[in-house]
Amino acid sequence: MGFLNYETIFEKDVKALKSRAFLLKHSKTGARVFILSNDDDNKVFYIGFRTPPADDTGIAHIMEHSVLCGSRKYPLKDPFVELAKGSLNTFLNAMTYPDKTVYPGASLVRSDYFNMFNVYADCVFFPRLSRDTFIQEGHRLEIDDKENFSIQGVVYNEMKANFTT
């Protein structure tokens, strides 16, 4: 099987998965692509990046959220939410781990799968990353009308909820 603009690093049958595995390297960027080809009706993609932290500010998690808040082709406030509303996906999410950030998606419907991949890829590789997005998604200090201070932000509140017992 030939892949335009990719060098095949290896190709191998994986009998346990009834699949053919391919590891490719994009000619221009060096990006690696792993493909498992089989008869499974569920089509799955996973875009992942190494994001080892330099500190404890949570920037990788903030970036995970922020890149899904609009892109070159999809300049909406939150194309991820709009995509989820209209998709027949079997899985749609984004996750930050201690050393990587991933954007997986899956669908049984071929056109839906490619639409999800198109939106994710544009958001991940061409995000808008506006100042307002970082203010919304990151952590910030707010003062109410009684001059009480509080820390706010989507990621901050999500993590606070995760660590509340």
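Residues numbered from 1 in each chain as written. Predicted model: local features only at pLDDT ≥ 70, side-chain atom pairs only at ≥ 80, totals over all residues. Heavy atoms only, no water.

## Side note on the pairing of strand 7 (residues 100–107)
Side-chain positions along a regular strand alternate between the two faces of the sheet. Across the eight residues of strand 7, seven count as buried, placing the element largely inside the fold. Sheet topology note: the strand 4 (residues 43–50)/strand 7 ladder contains eight bridges and is antiparallel. Residue pairing for strand 7: glycine 48 is matched across the bridge by valine 102. The pairing of strand 5 (residues 89–92) with strand 7 spans three bridges and is classified as antiparallel. For phenylalanine 91, the partnering residue across the bridge sits in strand 7 and is alanine 106. As defined by bridge partners, strand 6 (residues 95–96) adjoins strand 7 across two bridges and the pair is classed as antiparallel. Each bridged residue has a counterpart across the sheet, and for threonine 96 the counterpart in strand 7 is threonine 101. Where strand 6 hands over to strand 7, the hairpin turn is made up of three residues, counted between the paired strands. (Buried < 20%, exposed > 50% of the residue type's maximum accessible area, 1.4 Å probe, protein only. Helix = DSSP H or I, 4+ residues; strand = E, 2+ residues; numbered from the N terminus. Pairing = 2+ DSSP bridges.)

## Here we look at unusual backbone geometry
A negative phi angle is the norm for most residues apart from glycine, just as the trans form is the norm for most peptide bonds. The residue lysine 18 is not glycine, and still its phi comes out positive at about 50°. Within the secondary structure layout, lysine 18 lies in the loop between strand 1 (6–14) and strand 2 (19–26). With relative accessibility at 74%, the residue lysine 18 sits in the exposed group. Positive phi is not limited to glycine here, since leucine 129 has a value of about 50°. Counting through the fold element by element, leucine 129 comes out in the loop between helix 3 (110–125) and helix 4 (131–137).

## Side note on the pattern of salt bridges
In the structure shown here, the tally under the stated rule is five salt bridges. For arginine 20, the salt bridge is made with glutamate 11, and the minimal N-O distance between the two is 3.0 Å. The shortest N-O distance in the salt bridge between arginine 140 and glutamate 142 comes to 2.9 Å. Ionic contacts of the salt-bridge type, sharing partners, join the residues Glu11, Asp13 and Arg20 into one network. (Salt bridge = Lys/Arg side-chain N within 4 Å of Asp/Glu carboxyl O.)

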